[in-house]
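# Structural overview for review
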Amino acid sequence: MSEAARHVLVTGAGGQLGTELQHCAWPAGWQVTAVDVADLDLRDTAAILDMVASRPWAAVINGAAYTAVDKAESDIVAAWAVNAMAPAAFAEGCAKAGIPLVQVSTDYVFAGDKAGAWEVDDPVAPLGVYGASKLGGELAVRTSRARHAIVRTAWVVSAHGNNFVKTMLRVAEGRDRLTVVDDQRGSPTSAADLAQALMQIAVRLADDVDAPTGTFHFSNAGDISWADFAIEIFRQSVSRGGPSAEVARIPSSDYPTPARRPANSLLSHDAIHAAYGITPRDWREALGDILDELIGAKK
């Protein structure tokens, strides 16, 4: 494969995942072109098709999304434009160019009413606009002629952008006690770890026409609630000289939001391990790396 064919197009350059995809140690000969809203309006399907056709990409990773879960309930058209129609355009462009597409999706495609971890082929039943629009993107990609991998994830955190870890640390700077939901369970996902997995999948899809395609799940390993997560954030923060606060556990009913959240966001890793040999590490270890970056190493 020529050097020109080893350029990968990444969307969401300024987001958590896009930032980490640019930080990944890509194989020799690979270069990342990361675009954000200033470079490519994901509501403009013609612009997406032009971007995909603009050079001989080796692969496309669409990690950008409309992620304002509550706002999506009243901003339906915008959510569907970015989360469903944009992936449809990327899939069409990739199919025409004969290149693979890696589409990032979400645990919100599930109702959250299962006891154990969600498998890739479990029934989908999104609870709100965000999940429905992301499912629309999945269906557009899945029914296209593009070779693809759809990777669902959940609870993404990092040292960049806006996320639960950074929010907890910020709020703890001014408060001694916080209330955190305890009846929604899942596993945090390090954006850096997710980026590494997506890179591995994209490279293999580009280099091997027989590489596995379909739907996969990636998150870090472990089963916790948001309250558990907050408690561990503060425990590790204190060991680094960072802020801490007492965590009071509350039910979701005490923290009403416009959009319903899945009660169970735990994702099975069986499919991604079987297809790509990827075994996610424990979320606590991944959290430690994030806090090292935000606060510093343990004292």
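Quick summary incoming for the structure in this document. On a predicted model such as this, the values are computed, not experimentally measured, just so you know.

The rules behind these values
- Residues numbered from 1 in each chain as written.
- Predicted model: local features only at pLDDT ≥ 70, side-chain atom pairs only at ≥ 80, totals over all residues.
- Heavy atoms only, no water.
- Helix = DSSP H or I, 4+ residues; strand = E, 2+ residues; numbered from the N terminus.
- Rg over C-alpha atoms; globule rule 2.2 N^0.38 Å.
- Buried < 20%, exposed > 50% of the residue type's maximum accessible area, 1.4 Å probe, protein only.
- Contact = heavy atoms within 4.5 Å.
- Areas by Shrake-Rupley, 256 points an atom, 1.4 Å probe, with all protein chains shown as cover.
- Phe/Tyr/Trp six-rings, centres within 6.5 Å; stacked < 30°, edge-to-face > 60°.
- Lys NZ or Arg CZ within 6 Å of the ring centre and 35° of its normal.
- Expected span 1.5 Å × (residues − 1).
- Salt bridge = Lys/Arg side-chain N within 4 Å of Asp/Glu carboxyl O.
- Arc of directions from axis to C-beta.
- Polar contact = N/O pair within 3.5 Å; in protein donor to acceptor, adjacent residues only side chain to side chain.
- Pairing = 2+ DSSP bridges.
- Axes fitted to C-alpha atoms, helices over the stretch in contact; angles between N-to-C directions.
- Parallel < 35°, antiparallel > 145°, perpendicular 65-115°, else oblique.
- Left-handed = near helix turned anticlockwise from the far one by under 90°.
- Nonpolar A, V, L, I, M, F, W, Y, C, P; charged D, E, K, R; others polar.

## Examining the overall build of the protein chain
- Within the protein chain, the secondary structure is distributed over 9 helices and 12 strands.
- Computed over the C-alpha atoms, the radius of gyration of the protein chain is 19 Å, within 12% of the 19 Å expected from 2.2 N^0.38 for a compact globule of 299 residues.
- Considered along the principal axes of its C-alpha atoms, the protein chain spans approximately 55 × 40 × 40 Å.
- Each of the 299 residues in the protein chain was classed as buried or not, and the buried ones make up 53%.
- Contacts in the protein chain between residues at least 24 apart in sequence constitute 81% of all its contacts with a sequence separation of at least 6.
- Surface accessibility of the protein chain: about 12700 Å² in total, with carbon and sulfur atoms responsible for 51%.

## Thoughts on the packing of aromatic side chains
- Scanning the entire structure with this criterion turns up 9 aromatic pairs.
- When the centroid spacing of 5.3 Å and the interplanar angle of 25° are considered together, the rings of Phe164 and Phe229 count as stacked. A residue pair is termed long-range when its members are at least 10 positions apart, and Phe164 in helix α5 (residues 164-172) and Phe229 in helix α7 (residues 226-238) qualify at 65 residues.
- Given a relative accessible area of 17%, Phe164 falls into the buried group.
- Ring centres of Phe229 and Trp283 lie 5.5 Å apart, and the angle between their planes is 85°; on these two criteria the pair is classed as edge-to-face. Taken together, the residues span a long stretch of sequence, with Phe229 in helix α7 and Trp283 in helix α9 (residues 283-294) at a distance of 54 residues.
- Just above the ring of Trp57 sits the side chain of Arg55; from NZ or CZ to the centre is 5.1 Å.

## Details of the environment of Ser105
- Positionally, Ser105 belongs in strand β4 (residues 101-106).
- Accessibility expressed as a relative area gives 3% for Ser105, which makes it buried.
- Each C-alpha atom of the pair Ser105 and Asn62 lies 9.4 Å from the other, and the pair is 43 residues apart in sequence.
- Once you skip the residues sitting within four places of it in the chain, Ser105 turns out to touch Lys134, Glu138, Ile150, Val151, Arg152 and Thr153.

## Observations regarding α9
- Between its first and last C-alpha atoms α9 spans 16 Å; for 12 residues at 1.5 Å apiece the expected length is 16 Å, and the two agree.
- Taken residue by residue, α9 has Trp283, Ala286, Leu287, Gly288, Ile290 and Leu291 as its buried positions.
- In the core, the buried residues of α9 are packed alongside β6 (156-157), α5, β9 (189-190), α6 (191-207), β11 (224-225) and α7.
- In the stretch just after α9, Gly296 is the one whose phi turns positive, near 130°.

## Some details on the pattern of salt bridges
- In total, this model carries 18 salt bridges according to the counting rule given.
- Where Asp228 meets Arg249, a salt bridge forms, and the shortest distance between an N and an O atom there is 2.9 Å. Of the two residues, Asp228 is situated in helix α7 and Arg249 in strand β12 (residues 246-250); the sequence distance between them amounts to 21 residues.
- For Arg249, a relative accessible area of 43% translates into the label partly exposed.
- Here Glu285 and Arg281 are joined by a salt bridge, their closest N and O atoms 3.4 Å apart.

## Some thoughts on α5
- When α5 is considered as a whole, its buried residues turn out to be Phe164, Val165, Met168, Leu169 and Ala172. Mapping the buried residues of α5 onto a view down its axis gives an arc of 135°, with all of them on the same face.
- Looking at the buried side of α5, the elements it contacts are β6, β7 (177-181), α7 and α9.
- One side-chain oxygen at the N-terminal end of α5 lies 3.1 Å from the backbone nitrogen of Val165; it belongs to Asn163.

## Notes on the sheet that holds β4
- What the 6 strands build is an open sheet, ordered β2-β1-β3-β4-β5-β10; its pairing is parallel. Taken across any chain shown, the strands that pair with only one partner, and hence form the sheet edges, are β2 (31-35) and β10 (214-217). When the angles between neighbouring strand axes are averaged without regard to direction, this sheet yields 20°.
- Looking at chain direction, strand β1 (residues 7-11) and strand β3 (residues 59-62) are connected through 3 bridges and run parallel. Across the sheet, residue Val8 finds its bridge partner in β3, namely Ala59.
- Sitting on the sheet, helix α3 (residues 76-97) touches β1, β3 and β4, and the angle it makes with β4 is about 160°.
- The sheet strands contacting α6 are β3, β4 and β5 (148-153), and the helix crosses β5 at an angle near 170°.

## Observations regarding the environment of Thr167
- By the secondary structure assignment, Thr167 is in helix α5.
- A C-alpha to C-alpha distance of 32 Å links Thr167 and His273, two positions 106 residues apart in sequence.

## A few points about the packing of α5 against α9
- For the pair α5 and α9, the least separation of the axes is 11 Å and the interaxial angle reads 50°. In terms of orientation, α5 and α9 fall into the oblique class. The interaxial crossing formed by α5 with α9 has right-handed handedness. Between α5, through Val165, Lys166 and Leu169, and α9, the contact on the second element is made entirely by Leu287, Ile290, Leu291 and Leu294.
- Residue composition of the contact of α5 with α9, grouped by class: 6 nonpolar, no polar and 1 charged.

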